[in-house]
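Chain residues, written in single-letter form:
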Protein chains: 2
Amino acid sequence: MVDYPDILRALGGSRTEGFLRSVEGKTPIFVCTIATTETAKVPGISAAGKNPEFTDYTPAADMEYLYYGRCRCIDGVPVTPDGIPTPALITRAAVRLSDLPVLVVDGGSRIKPQVPFLDLGGQPGMDIRTGQAVRNADSVFERATTLGRNLAKASDYLVLAESIPGGTTTALSVMLAVGLDAEGKVSSSMPDNPHKLKLSVVRQAMDSAHLHKGDLKGRPLEAVAKVGDPVQVSVAGLAVGAASEVPVILAGGTQMAAVLAIINKIDQSLMDSLAIGTTRWVIRDPQSNLVALVRQVGDIPVMAADLNFGASRHSGLRAYESGVVKEGVGAGGAAICSMMKTNGKVTKSFLQEQIEQEYERIVNRR
Amino acid sequence: MVDYPDILRALGGSRTEGFLRSVEGKTPIFVCTIATTETAKVPGISAAGKNPEFTDYTPAADMEYLYYGRCRCIDGVPVTPDGIPTPALITRAAVRLSDLPVLVVDGGSRIKPQVPFLDLGGQPGMDIRTGQAVRNADSVFERATTLGRNLAKASDYLVLAESIPGGTTTALSVMLAVGLDAEGKVSSSMPDNPHKLKLSVVRQAMDSAHLHKGDLKGRPLEAVAKVGDPVQVSVAGLAVGAASEVPVILAGGTQMAAVLAIINKIDQSLMDSLAIGTTRWVIRDPQSNLVALVRQVGDIPVMAADLNFGASRHSGLRAYESGVVKEGVGAGGAAICSMMKTNGKVTKSFLQEQIEQEYERIVNRR
């Protein structure tokens, strides 16, 4: 029995150990769902792109990089406005080290990735301030459940990741709409979390949708349709389709608390099959509180890969220690799974060295 | 050790037994690739649709039926001009009996299925008489290999099926272009195989592409691009991506001989991992010769589900015994896999009874 000291346990107590035992040595499918939302273009909301307009390209570029080691729809790789590279770097190192199968799901992207991807018939998300954020949320959800059911038949468990700039803001609005105390608790890709700006955008969204906090606590898909984003409904659908058959790790930060809340409202019985896998940067973040969000839904396992780039050779990675990026493209979940699949043979230091090398490879290419 | 008496062995000798042992009791992913080609609209070429224009809907409708038990883009289910229902009936019964995971790949369809599907960035196939049948064949092939590699990591083996009306005509032209003696050997969804018509269409295609038999024997993807269809390049790519890791069953009739020829020209070392799975109606067909086609490529296992609808309660199924339909949507391969996955618990008579019931369900719905 391996202890997995490089996986931090943030919530779930003994349930976390049981969850880890249920997946150790097994092979998951790593499913990354992408989408875009116009919400990401509100200046100051997202650092997942070198400028707001660029956020349309980030999810597609992330997927191209994940599969091929280089992007096709852009030069280089996605970076923050300060040039810090995408967390897909971590994801790629992790999935390669442990030879994880990867599938890409498009929940609704303005720019399509030049990779094979699963189409759910979704549309790019609109600015939540319109109060009409996601078209055909019901049919996207239904197709996602069909897909989740079939992927569950093919695998030991599923890891559900995301790439959507602006996703913490849409997470905030959905969580408020279904009644969670989420103010000031969502994370950010920036060191200085723009909580005030997010809350102001969310208030405009709620006003446009004629919503008060908790109004949609029994109607989570309506919450997504009005003030959410296409990733939420896709990942929730995948989980609802799969979790009655196999364990499911929601691989992401506070966005996954919103997804968890949606799933919980649809089928509470699935909670026992779910866990959240993220990074140390998220669970140690003083400016957000993933555990407080999850706890409002249920005491499910929240685990974090104990990655630390403080001793990195590269300033672009050391920057993660000052709160840039933190999570995305399932970086934390992929790191956890690479440890679990190899029964602990992949350690944090081994993974960190691979990430260093991957960083050098992409920087030299630029 | 089960003998699988309901699986006919048509080619491969002892290799077939080895292949069966390598997959028995295992769980494959059943991957059905769909596309359309304008070639199917040549009057008299295809019976996979109640009229030529309708063939655009057949693949999408097949996939909707496979997932949901009813079509969404059409009323009822796809039928031949005489009202004989789609072989997806067989496929659905088989995948449900053995709980197979199903994924849909779109290689290039004019009508998109209302199900989750994997997009390879392909376009609907053009009439081969233009000599420019498949756009961006190289990039579709590359994406398919990426997908095949990832699906192989997630499963014990792959079953690669197809639904494309007109596919035996495009198979004929590709096989001639790469140098096989294929004249008069491809199958048909009609009892009277229109060999003369097919050959005349293929000759026009070869003329437009300035090709003589065998001209492209070293360039199979160019053969597809000029005189093939999008399914061929997609399924070949999936197989090339997967077959170095896991066994692959090409689930179809003479169309799969064309796919096999393409794979063989790209990487001969993969032949040891491949088999063809089809129906008795194909291998016993006096008007076509799958075995003679496959033998020109290699002595790989050719297996057939020994389905027989002669004693069916329904004329729409008994018609299969007079040579209508014969194969499609991986019907034969799905039947074989349902037997193999259950270590022989699913027998031909059990499967046939399920198909009877499925037939009654859809007829009563109409």
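Residues numbered from 1 in each chain as written. Chains lettered and ligands numbered in written order. Predicted model: local features only at pLDDT ≥ 70, side-chain atom pairs only at ≥ 80, totals over all residues. Heavy atoms only, no water.

**Some remarks on the relation of the copies chain B and chain A**
Which entries qualify depends on this criterion: Least-squares superposition aligns the copies on the C-alpha atoms of those residues with pLDDT at or above 70 in both.
Mapping chain B onto chain A is achieved by rotating through 180° and translating by 0.0 Å along the same axis, at an RMSD of 0.0 Å. Taken together, the turn and the small shift mark the pair as related by a two-fold rotation axis. Residue Leu118 of chain B of chain B places its C-alpha closer to the rotation axis than any other residue of that unit, at 2.1 Å.

**Some details on the interface of chain B and chain A**
How big an interface is tends to be stated in terms of the accessible area lost upon association of its parts. The test is simple: The contact rule is simple, with two residues in contact once any of their heavy atoms fall within 4.5 Å. As a working definition, buried area equals the accessible area (1.4 Å probe) given up by two parts on being put together, with both sides summed. Take a side-chain nitrogen of Lys or Arg and a carboxyl oxygen of Asp or Glu: if they are within 4 Å of each other, that pair is a salt bridge. Polar contacts, as counted here, are pairs of nitrogen or oxygen atoms within 3.5 Å of one another; within protein the pair requires one atom able to donate a hydrogen and one able to accept it, and residues that are adjacent in sequence qualify only if both atoms are side-chain atoms. In this description a helix means any DSSP run of H or I spanning at least four residues, a strand means any run of E spanning at least two, and both kinds are numbered starting from the N terminus. Gly is put with the polar residues, along with every residue not named as nonpolar or charged; the nonpolar set is Ala, Val, Leu, Ile, Met, Phe, Trp, Tyr, Cys and Pro, and the charged set is Asp, Glu, Lys and Arg. The criterion for strand pairing is that DSSP finds at least two bridges linking the strands in question.
Contact residues are listed per partner, giving 26 residues for chain B and 26 residues for chain A. Taken over both partners, the interface formed by chain B and chain A buries close to 2,200 Å², and the fraction arising from carbon and sulfur atoms is 58%. Looking at the side of chain B facing chain A, the largest losses of area belong to Pro116, Arg143 and Lys153 of chain B, adding up to 24% of the total buried there. Residues Lys153 of chain B and Asp99 of chain A are paired through a salt bridge, measuring 3.1 Å at the closest nitrogen-oxygen approach. Counting every contact that joins chain B to chain A gives 10 residue pairs in polar contact (both at pLDDT 80 or more). With eight residues, helix α4 (residues 137–154) of chain B is the largest single contributor of residues to the side of chain B that touches chain A. Looking at side-chain class alone, the side of chain B that touches chain A contains 16 nonpolar, four polar and six charged residues. The pairing of strand β4 (residues 117–119) of chain A with strand β4 (residues 117–119) of chain B spans three bridges and is antiparallel.

**Some thoughts on helix α3 (residues 88–97) of chain B**
Residues and elements named next belong to chain B. Put simply, the test is: Think of it in three bands: residues with accessible area under 20% of the maximum for their type are buried, residues over 50% are exposed, and the middle band is partly exposed, with areas taken using a 1.4 Å probe on protein chains only.
The buried count for α3 comes to eight of 10 residues, which makes it a mostly enclosed element. Along α3, the residues classified as buried are Ala88, Leu89, Ile90, Thr91, Arg92, Ala93, Ala94 and Val95. The positive-phi residue at the C-terminal boundary of α3 is Asp99, with phi of around 55°.

**Some thoughts on the nonpolar core**
Worth spelling out the cut-off: Take the buried Ala, Val, Leu, Ile, Met, Phe, Trp, Tyr and Cys residues and link them wherever side-chain atoms come within 4.5 Å; each set so joined is a nonpolar core.
Phe30, Leu250 and Ile263 of chain A together with Phe30, Leu250 and Ile263 of chain B are the most contacted members of the largest nonpolar core, which totals 286 residues. With sequence-adjacent residues up to four places away left out, Phe30 of chain B is seen in contact with Leu66, Thr91, Val95, Leu100, Pro101, Val102, Leu103, Val159, Ala161, Val329, Gly330 and Ala334 of chain B.

**Topic: the environment of Phe117 of chain B**
Looking at the element boundaries, Phe117 of chain B is found in strand β4. Filtering out sequence-adjacent residues up to four positions away, Phe117 of chain B remains in contact with Phe117, Leu118 and Asp119 of chain A together with Val104, Asp106 and Lys112 of chain B.

**Concerning the confidence of the model for chain A**
Low-pLDDT portions of the prediction should not be read for the details of their coordinates. Applicable threshold: Confidence scores labelled pLDDT are given residue by residue by the predictor and lie between 0 and 100.
Considering every residue of chain A, the mean pLDDT works out to 97; 99% of them sit at 70 or more. At the level of chain-chain contacts, confidence expressed as ipTM amounts to 0.95, with global pTM at 0.97.

**Focus: the pattern of salt bridges**
Residue and element names in this part refer to chain A. Inspection of every chain in the model, using the stated rule, returns 46 salt bridges over all chains. Put simply, Glu358 and Arg92 hold a salt bridge, and the shortest N to O gap is 3.2 Å. Of this pair, Glu358 sits in helix α14 (residues 348–365) while Arg92 sits in helix α3 (residues 88–97); the two residues are 266 residues apart in sequence, bridging distant segments of the chain. Classification of Glu358 by relative accessible area gives buried; the value is 8%. Residue classification places Arg92 among the buried residues on the basis of a relative accessible area of 6%. Among the ionic pairs, Glu353 bridges to Arg313, the shortest N-O distance being 3.4 Å. One end of the pair, Glu353, is in helix α14; the other, Arg313, is in the loop between β8 (302–305) and α12 (315–318), with 40 residues separating them in the sequence.

**Here's the deal with unusual backbone geometry**
For Asp99 of chain A, which is not a glycine, the phi torsion comes out positive at approximately 55°. Position of Asp99 of chain A among the secondary structure elements: in the loop between α3 and β3 (102–108). Even without being a glycine, Val329 of chain B presents a positive backbone phi close to 55°. Relative to the assigned elements, Val329 of chain B resides in the loop between α12 (315–318) and α13 (331–341).

**What to know about the pairing of strand β2 (residues 28–35) of chain B**
On a regular strand, one side chain projects to one face of the sheet and the next to the other, so that they alternate. Residues and elements named next belong to chain B. Of all eight residues in β2, eight are buried, a share of seventy percent or more. A two-sided burial pattern is seen for β2, the buried positions comprising Pro28, Phe30, Cys32 and Ile34 on one face and Ile29, Val31, Thr33 and Ala35 on the other. As judged from the six bridges shared by β2 and strand β3 (residues 102–108), these two strands associate in the parallel manner. Bridged to Cys32 within β3 is Val104.

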